[in-house]
Amino acid sequence: MSDASRHAAKLRERLTNGTEDKIGKALADLLENPLVTGTIGRAFDARERATQAQELALSALNLPTAADIERLTRRLRSVSQRLEGIEDGVHRLNRALSDGAIDTRLSVIEDQLKTLSGKLAATGSASGSREASTARKASTARKTSATRKATATRKAAGSAGARSSVRPAKAKKAV
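## Topic: the overall build of the chain
Turning to step 1, where the next piece is worked out: Assigned secondary structure in the chain consists of four helices and zero strands.
Turning to step 2, where the next piece is worked out: Its helices and strands in sequence order give the chain the pattern α-α-α-α, from N to C terminus.
Turning to step 3, where the next piece is worked out: Taking all 175 residues of the chain together, the buried fraction comes to 1%.
Turning to step 4, where the next piece is worked out: About 15,800 Å² of surface is accessible on the chain, with carbon and sulfur atoms providing 60% of the total.

Have a look at this one:
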């Protein structure tokens with residue numbers, strides 16, 4: 001290294017070491033100064049009021065604010081993610097439908113229905129013959145009951161006729 005570059009390096013080192021300390025002390029003094037902190041506070045208040053005035057002006061002009069656009073962007077991202085989930089579900093369903101698994105399952109269900117309907121038909125014909133037998137028995141019982149009633153009625157009429165024959169005969173009028 002040359003002498004000039006050594007002197008420049010030493011000067012830079014002295015300025016850097018001393019400058020960092022001096023800048024740190026100066027900033028600490030500034031932040032402790034009530035005048036500076038009050039000014040900074042008023043600047044932040046002014047910024048807040050300017051932001052509110054800007055939002056009010058944009059609202060009056062029916063224009064969206066940056067916050068409105070940010071909310072809309074977040075909402076669109078959310079809708080996009082939901083839509084991607086729905087698309088994934090549709091793709092899964094499409095793959096499941098195209099595999100023929102449903103056709104196989106439907107044919108199994110059809111076979112089961114045929115088996116059940118055959119069993120019901122067999123059970124129905126057996127119960128139908130039972131019902132017919134029961135109906136014949138009931139009809140026979142009604143006929144028997146009617147025959148018994150008729151016989152009892154005839155017997156009662158016969159005994160009434162026998163009693164009437166015992167009664168004295170009425171005299172015929174002579175003409």
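## What about the pattern of salt bridges?
Turning to step 1, where the next piece is worked out: Taken as a whole and judged by the stated rule, the model has two salt bridges.
Turning to step 2, where the next piece is worked out: Across the salt bridge formed by Asp68 and Arg71, the nearest N and O atoms sit 2.2 Å from each other. Pair noted here: Asp68 and Arg71 are both in helix α3 (residues 66-98), with a separation of three residues, about one helical turn.
Turning to step 3, where the next piece is worked out: For Arg71, a relative accessible area of 47% translates into the label partly exposed.
Turning to step 4, where the next piece is worked out: Arg74 is the salt-bridge partner of Glu70, the closest N and O atoms lying 3.8 Å from each other. In this pair, Glu70 and Arg74 both sit in helix α3, four residues apart, roughly one turn of the helix.

## Section: the side chain of Thr65
Turning to step 1, where the next piece is worked out: One can find Thr65 in the loop between α2 (34-60) and α3.
Turning to step 2, where the next piece is worked out: Non-local contacts of Thr65, meaning those with residues more than four positions away in its chain, are made with Glu55 and Leu58.

## What to know about α2
Turning to step 1, where the next piece is worked out: Here α2 spans 39 Å end to end across 27 residues, near enough to the 39 Å set by a 1.5 Å rise per residue.
Turning to step 2, where the next piece is worked out: At the N-terminal boundary of α2, the capping side chain belongs to Asn33, with an oxygen 3.0 Å from the backbone nitrogen of Leu35.
Turning to step 3, where the next piece is worked out: Backbone geometry just after α2 places Asn62 at a positive phi near 60°.

## Looking at the confidence of the model for the chain
Turning to step 1, where the next piece is worked out: When the pLDDT values of the chain are averaged, the result is 80; 74% of them are 70 or greater.
Turning to step 2, where the next piece is worked out: By mean pLDDT, the top-scoring element of the chain is α3 (92), and the lowest-scoring one is helix α4 (residues 101-166) (72).

## Thoughts on a nonpolar patch on the surface
Turning to step 1, where the next piece is worked out: Taken together, the side chains of Leu97, Ile102, Leu106, Ile109, Leu113 and Leu116 make up a nonpolar region of the molecular surface, amounting to roughly 540 Å² of accessible area.
Turning to step 2, where the next piece is worked out: The greatest single-element share of the nonpolar patch, amounting to five residues, is contributed by α4.
Turning to step 3, where the next piece is worked out: Along the chain, Leu113 turns up in helix α4.

## A few points about unusual backbone geometry
Turning to step 1, where the next piece is worked out: A positive phi is found at Asn62, a non-glycine position, where the angle reads about 60°.
Turning to step 2, where the next piece is worked out: By the secondary structure assignment, Asn62 is in the loop between α2 and α3.

Rules and cut-offs
Residues numbered from 1 in each chain as written. Predicted model: local features only at pLDDT ≥ 70, side-chain atom pairs only at ≥ 80, totals over all residues. Heavy atoms only, no water. Helix = DSSP H or I, 4+ residues; strand = E, 2+ residues; numbered from the N terminus. Buried < 20%, exposed > 50% of the residue type's maximum accessible area, 1.4 Å probe, protein only. Areas by Shrake-Rupley, 256 points an atom, 1.4 Å probe, with all protein chains shown as cover. Salt bridge = Lys/Arg side-chain N within 4 Å of Asp/Glu carboxyl O. Contact = heavy atoms within 4.5 Å. Expected span 1.5 Å × (residues − 1). Polar contact = N/O pair within 3.5 Å; in protein donor to acceptor, adjacent residues only side chain to side chain. pLDDT = per-residue confidence, 0-100. Patch = residues over 30% accessible without salt bridge, like charges linked within 9 Å, V, L, I, M, F, W, Y side chains within 5 Å.

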